[in-house]
Amino acid sequence: MLEVTGLRVAYGGIQAVRGINFHVNQGEMVALIGANGAGKTSTLKALARLLNAAGGSVRYCGKEILNLPPHQLVSAGIALVPEGRGVFPRMSIVENLQMGAYSRRDNDGIEADKEHVFSLFPRLKERAFQLAGTLSGGEQQMLAIGRALMSRPKLLLLDEPSMGLAPLMVQKIFEVICAVAKEGMTVLLIEQNAKLALEVSQRGYVMESGEITLTGESGALLEDPKVRAAYLGE
Ligand SMILES: Nc1ncnc2c1ncn2[C@@H]1O[C@H](COP(=O)(O)OP(=O)(O)OP(=O)(O)O)[C@@H](O)[C@H]1O
Ligand SMILES: [Mg+2]
């Protein structure tokens, strides 16, 4: 479904992503793990066309997308849940969800999807008219995921959904991510929490200093001595 070849991202003279290759098959959950500054967010931003790649190719469902404007990616079925959530703070939960559906015209479908999001995250329903800026970090993460789901994506890109959240909240959010994946969504999960990411995904890639240094089935990566030493604190 997603085929990344030779992707490069640079900020001025600094090479943040140095020609990486990876792919995500339809229906898979794939983890991209790595330390601070490894280039994970830069990779995701290039995929979502929030920045211009310095080179390489990204094929989505067989079509090159590195030259498309971001809004066309949403219509094509790609949704990003950005690092730091990026909810609209002065809009309510309902309005934020509505924004996620801005490219759609099927009002009945939008209403049904809103109810679906509320069923995944009952907490959001209880607070439907509360301003997003007043939500807790975990609730904002729920909303960011819910908003992404409102575009009915085929491919969900998640940038560190566990960041800054207490264990119980992380567990809740990952239960929903897994539920959505089970419904058939394809997921690319970026995480610094390597253990968690490898536990829920089928395959993983390890990124270091802008390069992919290791890849394999998540179960095997969890057992890999290098991964254990560098990312699992063992
Ligand atoms: N807007 C920018 N301008 C200049 N350099 C940047 C910019 N954004 C990122 N970088 C640099 O690119 C490199 C990769 O950053 P990136 O945010 O992709 O890492 P990351 O793997 O997502 O890290 P983290 O886990 O901390 O989120 C870093 O060295 C960072 O300083
Ligand atoms: Mg990042």
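Computed from a prediction, not measured in an experiment: that's the story for all the values here. Chains are numbered independently. Their residues run from 1 in the order of the written sequence. Chain A is the first chain written and ligand 1 is the first ligand written, with later ones labelled in order. Per-residue local features of the predicted model are confined to residues with pLDDT of at least 70, and side-chain atom pairs are confined, for both listing and counting, to 80 or more; whole-chain, interface and lining totals are unaffected and use all residues. Heavy atoms from the whole structure form the basis of all side-chain values; hydrogens and water molecules are not counted.

It is worth spelling out the overall build of the protein at this point. Looking only at helices and strands, the protein features ten helices and ten strands. For the protein, whose C-alpha radius of gyration is 17 Å, the value lies close to the compact-globule estimate of 17 Å for 234 residues. By principal-axis analysis of the C-alpha atoms, the protein measures approximately 45 × 40 × 30 Å. Any two residues whose heavy atoms approach within 4.5 Å are treated as being in contact. Partitioning the contacts of the protein with sequence separation of at least 6, the portion at a separation of at least 24 is 67%. Accessible surface is estimated by sampling points in the Shrake-Rupley manner with a 1.4 Å probe; for residues, cover comes only from the protein chains shown. Carbon and sulfur atoms make up 53% of the accessible area of the protein, which totals about 10700 Å². On the protein, the mean spot of the 24 positive side-chain charges and the mean spot of the 24 negative ones are 5 Å from each other. A helix here means a DSSP run of H or I that spans at least four residues, while a strand means a run of E at least two residues long, and both kinds are numbered starting from the N terminus. The globule rule used here is 2.2 Å times the number of residues to the 0.38 power, and the radius of gyration it is set against is calculated over C-alpha atoms. For this count, His and the chain ends are skipped, Lys and Arg are scored as positive, and Asp and Glu as negative. In this description, the location of a charge corresponds to atom NZ of lysine, CZ of arginine, CG of aspartate or CD of glutamate.

Nearness is defined per residue: one heavy atom within 4 Å of the molecule or strand is enough. In the vicinity of ligand 1, 13 residues are found, and the nearest of them are N36, G37, K40, T41 and S42. What qualifies as a polar contact is a pair of N or O atoms within 3.5 Å, subject to a donor-acceptor requirement within protein and to the restriction that residues adjacent in sequence count only when both atoms come from side chains. Within the side chain of Y11, an N or O atom sits 3.4 Å from a nitrogen atom of ligand 1. If ligand 1 stood free it would expose 640 Å²; the protein chains cover 61% of that surface. At three residues, helix α1 (residues 40-47) tops the list of elements feeding residues into the shell around ligand 1. Residues are sorted three ways: Asp, Glu, Lys and Arg are charged, Ala, Val, Leu, Ile, Met, Phe, Trp, Tyr, Cys and Pro are nonpolar, and all the rest, Gly among them, are polar. Counted by class, the shell around ligand 1 contains four nonpolar, six polar and three charged residues.

With that settled, the discussion passes to helix α7 (residues 167-182). By this rule the span expected of a helix is its residue count minus one, scaled by 1.5 Å. Compared with the 22 Å implied by 1.5 Å per residue over 16 residues, the 22 Å span of α7 between its first and last C-alpha is a close match. Note on α7: the residue one or two positions beyond its end, G184, has a positive phi of about 115°.

Here we take up the sheet that holds strand β8 (residues 186-191). Spatially, six strands are ordered β6-β7-β8-β3-β9-β10 in an open sheet, and the strand pairing comes out mixed. Where the open sheet ends on each side, the last strands, each with one partner, are β6 (78-81) and β10 (211-217). Along the sheet, successive strands turn relative to each other by an average axial angle of 15°, direction set aside. Two strands pair when backbone bridges link them, and strand β3 (residues 29-34) and strand β9 (residues 203-208) are joined in this way by five bridges, in the parallel orientation. Each residue of the ladder has a partner; that of V30, found in β9, is R203. What makes two strands pair is DSSP finding at least two bridges between them. Note on geometry: axes are lines fitted to C-alpha atoms, helical ones only across the stretch in contact, with angles between N-to-C directions running from 0 to 180 degrees.

Take the packing of aromatic side chains next. Here a pair means two rings of Phe, Tyr or Trp (six-membered ring of Trp) with centres within 6.5 Å. Their orientation is stacked below 30 degrees between planes, edge-to-face above 60, and tilted elsewhere. Taken as a whole and judged by the stated rule, the model has one aromatic pair. Its end group placed over the ring of F88, R147 keeps NZ or CZ at 5.0 Å from the ring centre. Lysine NZ or arginine CZ positioned within 6 Å of the ring centre and within 35 degrees of the ring normal marks a charge as sitting over the ring.

Metal donors: N, O and S atoms at distances within 2.8 Å, or within 3.2 Å for Na, K and Ca, with water omitted from the atom set so that some sites may seem incomplete. Taken together, T41 (OG1) and E83 (OE) make up the full set of protein donors to the magnesium ion (ligand 2), lying 1.9 to 2.1 Å away. Here T41 is found in helix α1, whereas its partner E83 is found in the loop between β6 and α3 (93-100), with 42 residues between them in sequence.

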